[in-house]
Structures are given as C-alpha cells and as structure tokens.
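Observations on the three-dimensional arrangement
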Amino acid sequence: MTRMIICAVIVALITALGLLYFFYTDNAANSICDRLDAVEASFSAGDGEALEKSLAGLQEEWNRFNKKYFFIVDNEHMLEIDALVARIASLAEKDDDELVHDCRVAKALVRSYQKEQIPGIFNIL
Amino acid sequence: MLIIIIRTAIVYLLIVFSLRLMGKKQLSELQPSELVTTIMISNIATLSLEDSTSPMLMGMVPILMIACLDVFMSGAVMKSGRIRKIVSGSPCVVISDGKIDQRMMKNLRYTVDDLAESMREQGIFDISQVQYAIVETTGKINFMQKENPAENPPQILIKDGEIVTDALTKSKLGDGWLRQILRENHIDKDRVFIFSADDNGNYIIVPREYDSKTKKGGKQ
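Report on the accompanying structure. (Residues numbered from 1 in each chain as written. Chains lettered and ligands numbered in written order. Predicted model: local features only at pLDDT ≥ 70, side-chain atom pairs only at ≥ 80, totals over all residues. Heavy atoms only, no water.)

**Examining empty space enclosed by the protein**
Residues and elements named next belong to chain A. Taken as a whole, this structure holds 1 cavity of 30 Å³ or more when the rule is applied. Size it by volume and the largest cavity reaches roughly 60 Å³. Forming the boundary of the largest cavity are Thr-25, Ala-28, Ala-29, Ile-32, Trp-62, Phe-65, Met-78, Ile-81, Val-110 and Tyr-113. Residue assignment for the lining of the largest cavity shows that the elements contributing at least two residues are α1 (2-45), α2 (48-68), α3 (76-94) and α4 (98-116). No other element matches α1, which puts 4 residues into the lining of the largest cavity. In terms of residue class, the lining of the largest cavity is made up of 9 nonpolar, 1 polar and no charged. (1 Å grid on protein atoms, 1.4 Å probe; cavity = no way out; pocket = protein on both sides within 12 Å on 5 of 7 lines; lining within 4 Å. Points joined across faces, edges and corners; volume = space filled by probe spheres on them. Helix = DSSP H or I, 4+ residues; strand = E, 2+ residues; numbered from the N terminus. Nonpolar A, V, L, I, M, F, W, Y, C, P; charged D, E, K, R; others polar.)

Dropping the structure here:
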C-alpha cells in the first residue's frame, strides 16, 4: 500500500510539473511573440527609443525562459530562436531591414514550439 | 512534458498488449508486465545516457512513469482476477490424461520440438509417461508423470476468497463437497487464501491474511 501511495504521489507530481510547464510555455511563448511584435512595430515606425526598450524586453523575456527551463527544453528550435534574438539586436543597431524578416521567423519558430507542447492527438502519435 | 507522459503510458500499454498478443512462447520467466518494464526501462535509460544533449529529466520522467504504472498494474492484478487474466494470462493444459491437446498447442504456437525440449529439460524422455503438461503464465511448461498417485493434478478451487468456477466444474468434487469441507473446517470462503484439492478429495486450505495456520485434510 505504501508503494502505491508513493507511486501515486510521483505520478501526481510529474503530472503537475507537466501541466505547470505546459501553461508556462504557453504564456511565455505568447509573451515572447508580443515582444517580437513590439520590436517589429517600433522598428517600422522608426522609433529608436521604443525599439531599444522593446529589444531589452525581448532579450529579458527570452533569457528568463531559456535559463529557467533549460533542463526540460529539448528542441532544436530553441537554439535557432536564441541565435535569431541575438541577431535581431545586432540588426537593430545597424538599422537593417532584415530585422523584420528575422522577427517573423523567430515568431513562427516560437509559435511552432508552442504548438508542439499541446498534447493533441497528432503531437502524441 | 505532457506529451512524454502520455506517450510513455501509451507505449507501456501497447507493449503489454503486444506481448500478450505474441503469446507465451515469447516469454521466458518473467510475467508480461515485468518484461515490458524491464525492456522499456533499460532502453530509456540507455537513450538518456547516450544522448547527453537531451535533458536528463526527459529520461527520468518516462522511467518513473513506467515504474509507477507497473506498481499500479501489480496492484490491479492482485485485486482483480479478471485483470490478472488479461495481463498475465492463465495456465494452459497442453497434455491432459496423456493426450496432447493439439489445438491448444497451435493456439500457443508450440511445436512438438518445443514440447519435447521442455520434457528433456525436466528429465522426461518418453512422452507416454506424461500425464499432464501445463504451460504456465511465464511460458514454462511443467509436467506431471503418470507414476503420480493422483489421477488428476490438484486444482485451485478457491483463490483469494473467490471460487474458481472453471476449476470446480472440471473437478469431480462439486460445489456441495467444497461447501461441506469449508463447514467442517469452520471457515468462510472469503477467509480462504488458497483452497486446493485433487479428485480423490485430498485438499489443502490456506487461510487468508496473517493467519499462518495451514490446515491439511483428506477424504473422509
């Protein structure tokens, strides 16, 4: 019986961790996408101050996600997004139009990662 | 993470089902669920060790899930005879009264060579000497030779407080005899852990739970 209780606790903990991670990923992905939108909008508007602020916000949000959840994040997208976020900052400094393209690619990758975490039938199978 | 949990559960159940589908011949000493646990845990452990780029938690979660599922499955198997039958199967008689049940052998996908090999392993070289051969849930075949005084092997008539109706129907003793013996021994069937008897009326009663007293008796 004790073994059963221990197992029930372990399963409950794993499930709780899985659910927490699922909801956190969902929120973090939405937040990162919002930051990317803000970077793109401020770049298109030519607002240097807003761009600087939104870039700092984007990097802060991304780093927080990357650092806190490195032990469960197992996806090639993550490395790609990491490189893109670094590139966006560099493109903003150079005032390069490629920034818009990179923002959209990063957003697509974040959305793709977000979708992959949904325990839908296609993801499971 | 949720995907891994669900995948683990699905793969576990799928392998148990597949092994049951493959039949007893694929198993050696382990019960199907034990074999699944062993195979899966060793494979997952190897994968998480081989791929150092993937987080360790990705290997730990499935292993924990499998271990927990195995305990839950063991609990369910202990509690329910029906689940036990589905998961572990039941012993099958392939030689009864010295006659080979060819249909059963075909169902189990046992060849004459397999049977002969198992006989030789147990020091029996003449098939005509075999009274009974039973394929256990682990896939092992046990033989009873004709020299044995009992015409039929003892059957378990009560298991965990439940009357095994199939065995009782097959035995020549009948429900009335069983109830009489229980009355004589002042024991309710719910308190019986194992009640085993042969056709000559020789029986053994093992009371349930922590009562270690074992009562033995015979035909009056």
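Now, onward.
**Brief notes about the nonpolar core**
Judged by nonpolar contacts, the single largest core of 39 residues is most densely connected at Val-39, Ile-88 and Leu-99 of chain A. If you list the elements that add at least two residues to this core, you get α1, α2, α3 and α4 of chain A together with α1 (2-22) and α3 (57-79) of chain B. Per-element accounting of this core gives the leading share, 12 residues, to α1 of chain A. With sequence-adjacent residues up to four places away left out, Leu-99 of chain A is seen in contact with Val-39, Phe-43, Ile-88, Leu-91 and Ala-92 of chain A. Counting 15 residues, the second-largest nonpolar core is a separate cluster that includes Leu-157, Ile-158, Ala-167 and Trp-177 of chain B. (Core = buried A, V, L, I, M, F, W, Y, C linked by side-chain atoms within 4.5 Å. Buried < 20%, exposed > 50% of the residue type's maximum accessible area, 1.4 Å probe, protein only. Contact = heavy atoms within 4.5 Å.)

**With respect to the layout of surface pockets**
All names here are of chain B. Reported here for the largest pocket is a volume of approximately 1,500 Å³. Looking at the lining of the largest pocket, the elements with two or more residues in it are α3, α4 (81-88), β1 (92-96), β3 (130-135), β5 (155-159), β6 (162-163) and α7 (165-170). Among the elements that take part in the lining of the largest pocket, α4 stands out by supplying 5 residues, more than any other. When grouped by side-chain class, the residues that make up the lining of the largest pocket number 14 nonpolar, 10 polar and 14 charged.

**A closer look at the packing of α1 of chain A against α4 of chain A**
Residue and element names in this part refer to chain A. Relative orientation of the contacting elements α1 and α4 amounts to 170°, with a least axis distance of 10 Å. By the angle between their axes, α1 is roughly antiparallel relative to α4. Viewed along their axes, α1 and α4 form a crossing whose handedness is left-handed. Among the residues making up the contact of α1 with α4, the classes are represented as 13 nonpolar, 4 polar and 6 charged. (Axes fitted to C-alpha atoms, helices over the stretch in contact; angles between N-to-C directions. Parallel < 35°, antiparallel > 145°, perpendicular 65-115°, else oblique. Left-handed = near helix turned anticlockwise from the far one by under 90°.)

**Focus on the sheet that holds β1 of chain B**
All names here are of chain B. Spatially, 4 strands are ordered β2-β1-β3-β4 in an open sheet, and the strand pairing comes out antiparallel. Either end of the sheet is taken by a strand with one partner, and the two such strands are β2 (99-100) and β4 (141-145). In terms of strand pairing, β3 meets β4 through 5 bridges, oriented antiparallel. Note that in β4 the partner of Val-135 across the bridge is Ile-141. Across the face of the sheet, helix α6 (residues 112-121) comes into contact with β1, β2, β3 and β4 while running at roughly 65° to β4. (Pairing = 2+ DSSP bridges.)

In short, geometric facts, not functional conclusions.
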